[in-house]
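# Coordinate analysis (summary)
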Amino acid sequence: MNDSEEEEGYRGPAEVVVGALPAVTVQVQLAGNFEPISGRYVWHGRVRTLTDALGEDADLSPGTELRITGPQGTATARITGVDLWGSHLIDGVTPPPFSRV
């Protein structure tokens, strides 16, 4: 992978809002890159401890949208699944909440 293909992103605390639930601050790991085949910038990531922060009753099923606010902006993403460690995997819907170089 050369420098132009390296993923950009953000790792650290972010405020996350799911539906009408109150905002929670959790750790996120977000990354993105330009996809030459589709001709657009795509981003994705992992939201840690979301179930712990919102409770077991929160609907965090695949397809659920959430809003992420980090130090460089706010964006909307969609939950795509859960990894082996219980973190929620997401795909970006709007431009990312981090600056692109």
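Above this text sits the structure in question.
Cut-offs and rules
Residues numbered from 1 in each chain as written. Predicted model: local features only at pLDDT ≥ 70, side-chain atom pairs only at ≥ 80, totals over all residues. Heavy atoms only, no water. Pairing = 2+ DSSP bridges. Helix = DSSP H or I, 4+ residues; strand = E, 2+ residues; numbered from the N terminus. Axes fitted to C-alpha atoms, helices over the stretch in contact; angles between N-to-C directions. Buried < 20%, exposed > 50% of the residue type's maximum accessible area, 1.4 Å probe, protein only. Contact = heavy atoms within 4.5 Å. Salt bridge = Lys/Arg side-chain N within 4 Å of Asp/Glu carboxyl O. Polar contact = N/O pair within 3.5 Å; in protein donor to acceptor, adjacent residues only side chain to side chain. Core = buried A, V, L, I, M, F, W, Y, C linked by side-chain atoms within 4.5 Å.

## A few points about the sheet that holds strand 5 (residues 73–82)
- Read around the closed barrel, the six strands follow the order 1-2-3-6-5-4; overall the barrel is antiparallel. The mean angle between the axes of side-by-side strands here comes to 40 degrees, regardless of whether they run parallel or antiparallel.

## Quick look at the environment of F98
- The residue F98 is located in the segment after strand 6 (88–92) in this model.
- Judged by its relative accessible area of 4%, F98 is buried.
- Measuring from C-alpha to C-alpha, the distance between F98 and S87 comes to 20 Å, with 11 residues separating the pair along the chain.
- Residues in contact with F98, not counting those within four places in the same chain, are E8, G9, Y10, L30, A31, G32, Y41, W43 and Q72.

## Observations concerning the pattern of salt bridges
- For the structure shown, the criterion picks out two salt bridges.
- In this structure, the salt-bridge partner of R46 is D83, at a minimum N-O distance of 2.7 Å. Taken together, the residues R46 in strand 3 (residues 40–47) and D83 in the loop between strand 5 and strand 6 connect sequence positions 37 residues apart.
- On the accessibility criterion, D83 (13% relative accessible area) is buried.
- Note that E65 is salt-bridged to R78, the shortest N-O span being 2.8 Å. Here E65 is found in strand 4 (residues 65–70), whereas its partner R78 is found in strand 5, with 13 residues between them in sequence.
- Exposure remark for R78: the relative accessible area of 36% places this residue in the partly exposed category.

## Description of the side chain of T64
- Looking at the secondary structure, you find T64 in the loop between helix 1 (50–54) and strand 4.
- On the basis of relative accessibility, which here comes to 13%, the residue T64 falls in the buried class.
- One polar contact links the side chain of T64 to the main-chain carbonyl oxygen of S61, over a distance of 2.8 Å.
- Ignoring sequence-local partners within four residues, the contact set of T64 consists of V18, D59, A77, R78 and I79.

## Considerations on the nonpolar core
- Core analysis: the largest hydrophobic core is formed by 22 residues, its most contacted members being V16, W43, V47, L50, L66, I68 and I90.
- Setting aside residues up to four positions removed in sequence, V47 forms contacts with V16, V26, Q27, V28, I68, S87, H88 and I90.

## Considering the pairing of strand 1 (residues 8–18)
- Judged from the nine bridges that link them, strand 1 and strand 2 (residues 24–35) form a sheet pairing that is antiparallel. Its bridge partner lying in strand 2, E15 is registered against T25.
- Connecting strand 1 to the next strand, strand 2, in antiparallel fashion are five residues, including G19 with a positive phi near 55 degrees.
- Looking at chain direction, strand 1 and strand 4 are connected through four bridges and run antiparallel. Considered in strand 4, the bridge of V16 is made with I68.

Remember that the coordinates give geometry; whether it matters functionally is a separate question.
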